[in-house]
Amino acid sequence: MNFIRGVISGQPAGPQHSGVETIQKLCDRVASSTLLEDRRDAVRALKSLSKKYRMEVGSQAMDHLIRILQTDSADSEILGYALDTIYNIICSDEEDEQEEMQKQVDDVGAQFTERFIQDPENITLLLTLLEEFDFHVRWPGVKLLTALLKNQCAQVQGIILVSPMGVSRLMDLLADSREVIRNDGLLLLQQLTKSNAAIQKIVAFENAFERLLDIITEEGTSDGGIVVEDCLLLLLNLLKNNSSNQNFFKEGSYIQRMKPWFEVGDDNAGWSAQKVTNLHYMLQLVRVLVSPVNSPGATASCQKAMFHCGLLQQLCTILMATGVPADILTETINTVSEVIRGSQVNQDYFASVNAPSNPPRPAIVVLLMSMVNERQPFVLRCAVLYCFQCFLYKNQKGQGEIVATLLPSTIDANSISAGQLLCGGLFSADSLSNWCAAVALAHALQDNLTQKEQLLRVQLATSLGKPPVSLLQQCTNILSQGDKISRRGSKVQTRVGLLMLLCTWISNCPIAVTHFLHNQENVPFLTAQISENLGEDERLVQGLCALLLGICIYYNDNSLENYTKDKLKQLIEKRIGKENFVEKLGFITKHELYSRAAQKPQPVFSTPEHMLFDHEFTKLVKELEGVITKAVHKSSEEEKKEEEVKKTLEQHDSIVTQYKELIREQDAQINELKAQVASMTSQSEQMQATITQQLTQIQQHKDQYNILKLKLGKTGDQSASQGEGAHVNGLQSEELSQLREELEELRRQHAQQQTQLAEQDTLIASLKSEAAHSAEAAEGTSANAELLKELEALRAQVMSQAADINQLTESQELLRRAEAVQSGPGSVDNGVDMARVAELEKQLAAQSTEAQKLQEEVKGLNASRAGMEADLASATSTAAILQAEVSKLQQEVQESKKEQDDLLMLLADQDQKILTLKQKLKDLGETIEDEDDLDSKDQSEDDEDEEEEEEDDE
């Protein structure tokens, strides 16, 4: 015990021992001691020796320390000592070591780390110990696991990934109330999430985004300390190149929580280094979500969310603010660039942003002023160029606005426009400004045939007294002068920029090709540049000249007799040689800077001299290199055949297109008819519902009318005077007159029935007497039976007539009472009931008329619907017929293509046979002249004739 205390206190205890012997004794004590206190003291002594004797302690005590972690888990103090000792063995905290020593230390740490993780249960044990809340266990455990991840990241990640709840246990560190453990937990998660998408997804779904954003807010966002930086680095690990986590971040509405990070005040002086770092990582986090390497759909959704939450507006505010550090301003420009890239809404908003100047200028103009200013930092000029490229990417509206500032009709002499700045940069004495302006102008023409043709109208005034020249001519003039103009920077850079602009301008634009070839000096200049043997620096210029000449061949419409496709190819063959031309064309893609520029859209260059290629131009080269090579090698006959085939195919395609358009029109008509049918059906249903409602109302009014009649009748029975008169007076005068007429009719009928009744009574009496006589004479005869039946029928008729007479009598009495009451004083008091009955009658008549009208409209709609269905059936049958014709034409096109392929094969076989026969004739001694020799002889004879004619003219 005294020996251990002596080691810990540093005092000699008895005879002196070497470090190795001391470590050996301590390891024996740890392994053999039965008392916990003895083992604890031994482990504490090993901890004090582990920094000085790192190798010895690690080689002898590692297994004992692991056993302590397994067996003495109940004692937090000995666990803390053991964890600290293993940490000192694996990781050295010495800061003053030399580089070589540091490499040796790293190798030693990697060896001990590999030894520790040979048994995966050790990592599982360490994860279990991290659940211990005791500070002296949890903090050393966090540091040890972080060191293990630094030394053997992939292996430790694999063990943690398969460990049950391994990642979840580590995520609990962020919820620890002790900031030291929480902050070291952030460092641990940074190492854990490096380059492992599976762990990144698990951490994200363990609510990491919510916790990290809360910590950033608590620490003061951009004004916070290094903890904010650690949170941002962890967020970058989780989101970079992980589309699943990016989508989860967007769907969780975490983009909206980023907006307050970029709220910068008016006073931006005195930014701390930590604030600059924090804001830099925040901007990088935004760029990760909208990076061009992400899928287009994910990028577009994030761009939309950033616009709607106001994040883009906040970034533009920083962009136009004063006092912002240069590196933050540069990164903000790059961030805004990728937020607006390819998003029409965001691009339109950016075009509307004005700088806070007097007078206000568009932000694009202010940025371009920085780009063409050679006194601005190089990285800032690159960022502005990238911003301008992103603003024009897939933005034909913006391209038109930029080109319009160069046209004569829109130039404003009192203000500086984007077009004027680009022209100024294009023709300045600074080569970097030339290159940036040329590339920016090329992006204004990218994939936009209209603007390429519009730019041909631009005229430039070179000097007083001289006529203006076109922008295209001025570019070729500067290109041809080359070394004659003194410039600051690389002369190759200027020429490369102008050649990229010209290639982009005239590609896929036959009119621009014609304008370029119209200048008689351009083609000789290009052929001279390509055919010369220049140095390494000029090889790229030769390749670009070859590309420009190849574009003139491929997109040539043969409108100029002197520079048709055939003549240009003959010129290449005579002056340059086809193989030499193709070799020079290949100089572009073989250049070392070409592959760098082709990797990503952002122009990132270490020095201005390396700024040669543009990303979009590399795509153009990749697209055109193959087709230009084929175009140069093809003969005129092959081109004619291909043109014929193209014309045939175009005719077929035009026919198919016409039929497709006809089918589309008919589909549109069918859809329109269907919409009309659906609309009329809905209208019919609405009208049917209206009719039903009207009929219901009519029935209700009828019921009310009947109720009033019943009430009128009941009141007449109860009171013979005023009460009955009140209900009867509710009837209209027209109804009373009608009732009088009916009463007169009933009286006449009553008189007739009285007469008939008297006659029937007489007949009955006579029948009875006859029946009595006949009964006495013959009781069982059939005549008696018939007379009895007739008698019963007459009785029934008499009874029914008697009932009718009673009803008529009651009606007569009711009418009499009504007349009596009408003439009495009670008629004035019951006017309200008469008005109500009159109103009900009017409503009843109006509703009956409306119901008839609605029924007529329903009949008309049904007839119209039937007609539309017939038209729809006819259009459907026509579409089917047209579709059959289209398929037939497509089959014919395929057959014609097959026949053409067979013809090409046959021609190839014939050419091979001809070559074989020619070779045989040559072998036999016959002189055979090739077609190329004949063509060259003819061409030389034509040239000699032309020279003789010119001499004769002179």
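Residues numbered from 1 in each chain as written. Predicted model: local features only at pLDDT ≥ 70, side-chain atom pairs only at ≥ 80, totals over all residues. Heavy atoms only, no water.

Participant: Lay out the overall build of the protein in plain terms, naming residues and giving numbers.
Facilitator: For the protein, the helix and strand inventory stands at 42 helices and four strands. Burial statistics for the protein: of 954 residues in total, 42% are counted as buried. Taking the contacts inside the protein whose residues are at least 6 apart along the sequence as the reference set, 72% of them involve residues at least 24 apart. In the form shown here, the protein has an accessible surface area of approximately 51000 Å², with 50% of it arising from carbon and sulfur atoms. (Helix = DSSP H or I, 4+ residues; strand = E, 2+ residues; numbered from the N terminus. Buried < 20%, exposed > 50% of the residue type's maximum accessible area, 1.4 Å probe, protein only. Contact = heavy atoms within 4.5 Å. Areas by Shrake-Rupley, 256 points an atom, 1.4 Å probe, with all protein chains shown as cover.)

Participant: Break down the pattern of salt bridges for me, citing the residues and quoting the values.
Facilitator: Under the counting rule described, the total for this entry stands at 20 salt bridges. Between Glu131 and Arg169 there is a salt bridge, with its nearest N and O atoms 2.9 Å apart. Of the two residues, Glu131 sits in the loop between helix 7 (120-129) and helix 8 (135-151) while Arg169 sits in helix 10 (residues 166-171), which places them 38 residues apart along the sequence. Overall, Arg169 belongs to the buried group, its relative accessible area being 19%. Notably, a salt bridge pairs Asp223 with Lys275, separated by 3.4 Å at the nearest N-O pair. (Salt bridge = Lys/Arg side-chain N within 4 Å of Asp/Glu carboxyl O.)

Participant: Describe the environment of Pro608, naming the residues involved and giving the relevant values.
Facilitator: Looking at where Pro608 falls in the secondary structure, it is placed in the loop between helix 35 (592-599) and helix 36 (615-633). Considered as a pair, Pro608 and Ser431 are 177 residues apart in the sequence and their alpha carbons are 9.4 Å apart. Setting aside residues no more than four positions away along its own chain, Pro608 makes contact with Phe378, Leu432 and Gln493.

Participant: How would you sum up helix 29 (residues 510-518)? Please name residues and give values.
Facilitator: Where helix 29 is concerned, the buried positions are Ala512, Val513, Thr514, Phe516 and Leu517. Looking at the buried residues of helix 29, the elements they touch are helix 27 (471-481), helix 28 (491-506), helix 30 (522-531), helix 31 (536-554) and helix 32 (565-576).

Participant: Describe unusual backbone geometry, and please don't skip the residues or the numbers.
Facilitator: Phi angles above zero are rare outside glycine, and Ser253 is one such case at about 60 degrees. Here Ser253 is to be found in the loop between helix 15 (243-251) and helix 16 (273-289). In the Ramachandran plot, Asp447 falls in the positive-phi region, its phi being about 55 degrees despite a non-glycine side chain. When its relative accessible area of 66% is taken as the criterion, Asp447 is described as exposed.

Participant: Pulling in residues and values, what's your account of a negative patch on the surface?
Facilitator: Taken together, Glu892, Glu895, Glu899, Asp901 and Asp902 make up a surface patch of like negative charges. Tracing the chain through its elements places Asp901 in helix 41 (residues 831-924). The exposure class of Asp901 is partly exposed, given its relative accessible area of 44%. (Patch = residues over 30% accessible without salt bridge, like charges linked within 9 Å, V, L, I, M, F, W, Y side chains within 5 Å. Lys, Arg positive; Asp, Glu negative; His and termini not counted. Charge placed at Lys NZ, Arg CZ, Asp CG, Glu CD.)

Participant: Kindly report on the nonpolar core, identifying the contributing residues and their values.
Facilitator: Core analysis: the largest hydrophobic core is formed by 210 residues, its most contacted members being Leu145, Leu170, Trp261, Phe262, Phe350, Trp505 and Leu547. A total of 12 residues in this core trace back to one element, the largest contributor, which is helix 22 (residues 378-392). Among the nonpolar cores identified, the runner-up in size contains five residues, and Ile663, Leu882, Val886 and Leu889 belong to it. (Core = buried A, V, L, I, M, F, W, Y, C linked by side-chain atoms within 4.5 Å.)

Participant: Residues and numbers for the packing of aromatic side chains, please.
Facilitator: Under the defined criterion, the tally for this structure stands at 11 aromatic pairs. Of the aromatic side chains, those joined through ring pairs into one cluster are Phe205, Phe209, Phe248, Phe249 and Tyr254. Sitting over the ring of Phe133, Arg178 keeps its end group 3.9 Å from the ring centre. Here the guanidinium or amino end of Arg539 rests over the ring plane of Phe587, the centre of that ring lying 4.0 Å away. (Phe/Tyr/Trp six-rings, centres within 6.5 Å; stacked < 30°, edge-to-face > 60°. Lys NZ or Arg CZ within 6 Å of the ring centre and 35° of its normal.)

Participant: Before we move on, could you go through the packing of helix 2 (residues 19-32) against helix 4 (residues 54-71) and cite the residues and values that matter?
Facilitator: Two measures define how a pair of helices packs: the angle their axes make with one another and the distance between the axes. Two elements in contact, helix 2 and helix 4, have axes whose closest approach is 10 Å; the angle formed by their N-to-C orientations is 10 degrees. In terms of orientation, helix 2 and helix 4 fall into the roughly parallel class. Contacts from Val20, Ile23, Gln24, Cys27, Val30 and Ala31 in helix 2 reach Glu56, Val57, Gln60, Ala61, His64 and Ile68 in helix 4. Across the contact of helix 2 with helix 4, the residue classes break down as eight nonpolar, three polar and one charged. (Axes fitted to C-alpha atoms, helices over the stretch in contact; angles between N-to-C directions. Parallel < 35°, antiparallel > 145°, perpendicular 65-115°, else oblique. Nonpolar A, V, L, I, M, F, W, Y, C, P; charged D, E, K, R; others polar.)

Participant: Tell me about a nonpolar patch on the surface, residues and numbers included.
Facilitator: Among the surface-exposed residues, Leu161, Val162 and Ile202 lie close enough to one another that they form a single nonpolar patch of about 250 Å² accessible area. With respect to the helices and strands, Leu161 occurs in helix 9 (residues 153-162). With a relative accessible area of 34%, Leu161 lands in the partly exposed category.

Participant: Describe helix 12 (residues 197-205), and please don't skip the residues or the numbers.
Facilitator: Quick reminder: α-helices carry 3.6 residues per turn. Residues three or four places apart thus point the same way. Turning to helix 12, its buried residues number three or more, namely Ile199, Gln200, Val203 and Ala204. Viewed along the axis of helix 12, the buried residues span an arc of 135 degrees, placing them on a single side of the element. Along its buried surface, helix 12 packs onto helix 9, helix 10, helix 11 (179-192), helix 13 (208-219), helix 14 (226-239) and helix 15. The N-capping residue of helix 12, defined by a side-chain oxygen 3.3 Å from the backbone nitrogen of Ala198, is Asn196. Downstream of helix 12 by a residue or two, Asn207 has a phi angle that is positive, lying close to 70 degrees. (Arc of directions from axis to C-beta. Polar contact = N/O pair within 3.5 Å; in protein donor to acceptor, adjacent residues only side chain to side chain.)

Participant: Explain the environment of Ser59 residue by residue, including any values.
Facilitator: Its location among the elements puts Ser59 in helix 4. Given a relative accessible area of 38%, Ser59 falls into the partly exposed group. For the pair formed by Ser59 and Ile89, sequence separation is 30 residues and the distance between their alpha carbons is 9.3 Å. For Ser59, the contacting residues outside a window of four places in its chain are Phe112 and Arg115.

Participant: Tell me what's going on with the confidence of the model for the protein, and back it up with residues and numbers.
Facilitator: Predicted coordinates in areas of low pLDDT are best not read in detail. Taken residue by residue, the protein gives an average pLDDT of 81. The fraction at 70 or more is 76%. Residue range residues 1-16 is modelled with pLDDT below 50. Its contacts to residues more than four positions away, or to other chains, number 24 contacts. (pLDDT = per-residue confidence, 0-100.)

Participant: Which residues make up the state of the cysteines, and what values do they have?
Facilitator: Under the defined criterion, the tally for this structure stands at zero disulfides. Here Cys387 is not cross-linked by a disulfide; its sulfur's nearest cysteine counterpart is in Cys390, at 6.9 Å. Among the residues examined, Cys387 registers a relative accessible area of 1% and is labelled buried. (Disulfide = S-S within 2.5 Å.)

Participant: Which residues make up the packing of helix 23 (residues 396-404) against helix 25 (residues 431-445), and what values go with them?
Facilitator: Packing of helix 23 against helix 25 leaves a shortest axis separation of 8 Å and a crossing angle of 125 degrees. One element, helix 23, and the other, helix 25, form an angle in the oblique class. Helix-helix and strand crossings are classified by hand; for helix 23 and helix 25 the assignment is left-handed. Of the residues in helix 25, those in contact with Gln399, Ile402 and Val403 of helix 23 are His443, Ala444 and Leu445. Grouping the constituent residues of the contact of helix 23 with helix 25 by class yields four nonpolar, two polar and no charged. (Left-handed = near helix turned anticlockwise from the far one by under 90°.)

Participant: Just give me the short version of the side chain of Asp430, but keep the residues and values in it.
Facilitator: Topologically, Asp430 is positioned in the loop between helix 24 (418-426) and helix 25. Using a relative accessible area of 8% as the deciding quantity, one classes Asp430 as buried. Setting aside residues no more than four positions away along its own chain, Asp430 makes contact with Glu374, Arg381 and Arg488.

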